[in-house]
Amino acid sequence: MRNIIRLTLTLVAALVVAFTSEASAQTSFWVESFNKLNRDGEHTAQIDGRVVKSMNPRVGVYTWWRGSEGWGEAIVGLEWSPSKSVTFEIGTGVEMDGNPSRYQLGLWMGNDR
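The text that follows walks through the structure, step by step, so that each part is easy to find. Predicted, not measured: the structure shown is a model, and the values here were computed from it.

**Description of the overall build of the chain**
Argument step 1. Helices and strands together make up the secondary structure of the chain, namely one helix and six strands.
Argument step 2. When the helices and strands of the chain are read in sequence order from the N terminus, they spell out α-β-β-β-β-β-β.
Argument step 3. Among the 113 residues that make up the chain, the fraction classed as buried is 35%.
Argument step 4. When contacts within the chain are restricted to residue pairs at least 6 apart in sequence, those whose partners lie at least 24 apart make up 34%.
Argument step 5. Entry remark: accessible area of the chain is about 7,700 Å², with carbon and sulfur atoms responsible for 58%.

**Things to note about the side chain of Glu79**
Argument step 1. Take Glu79: it is sitting in strand 4 (residues 71-83).
Argument step 2. Side chain to side chain, Glu79 and Arg50 meet in a polar contact 3.0 Å long.

**Comments concerning the pairing of strand 6 (residues 101-109)**
Argument step 1. For strand 5 (residues 86-95) and strand 6, the ladder comprises nine bridges, and the chain directions are antiparallel. Across the sheet, Thr87 pairs through a bridge with Trp108, a residue of strand 6.
Argument step 2. Here strand 5 hands over to strand 6 after five residues, the two strands then running antiparallel side by side.

**Things to note about the pairing of strand 1 (residues 27-37)**
Argument step 1. Burial within strand 1 is sparse, with just zero of its 11 residues counted as buried.
Argument step 2. As judged from the 11 bridges shared by strand 1 and strand 2 (residues 43-54), these two strands associate in the antiparallel manner. Bridge pairing in strand 2 places Leu37 opposite His43.
Argument step 3. Taking the residues between adjacent antiparallel strands as the criterion, strand 1 and strand 2 are bridged by five residues, where Gly41 takes a positive phi near 85 degrees.

Here is what the cut-offs are and how they apply
- Residues numbered from 1 in each chain as written.
- Predicted model: local features only at pLDDT ≥ 70, side-chain atom pairs only at ≥ 80, totals over all residues.
- Heavy atoms only, no water.
- Helix = DSSP H or I, 4+ residues; strand = E, 2+ residues; numbered from the N terminus.
- Buried < 20%, exposed > 50% of the residue type's maximum accessible area, 1.4 Å probe, protein only.
- Contact = heavy atoms within 4.5 Å.
- Areas by Shrake-Rupley, 256 points an atom, 1.4 Å probe, with all protein chains shown as cover.
- Polar contact = N/O pair within 3.5 Å; in protein donor to acceptor, adjacent residues only side chain to side chain.
- Pairing = 2+ DSSP bridges.

Have a look at this one:
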């Protein structure tokens, strides 16, 4: 039960931060739904998403989450873009697991961010 509360609070905090900063800042998001199929032919429906709130052209706040029936994970963090084609991320979050703490480091490289 504590993990569900932690997951919910992390997601709510991330969404509040993402949607309550300056009106001039840019917000982007995506949500997707998919089915995970195992070798026995059983499937599990999953949903995940990401929200990014740019504080300025180089710095932003993000949240990412994924969930399915009886399980979920959420991460909130900061991202820094030294150029239009490179973004670094660092975040922390929770998962509904015996060890709920989660940490994330990310590097994105490409064209047309």
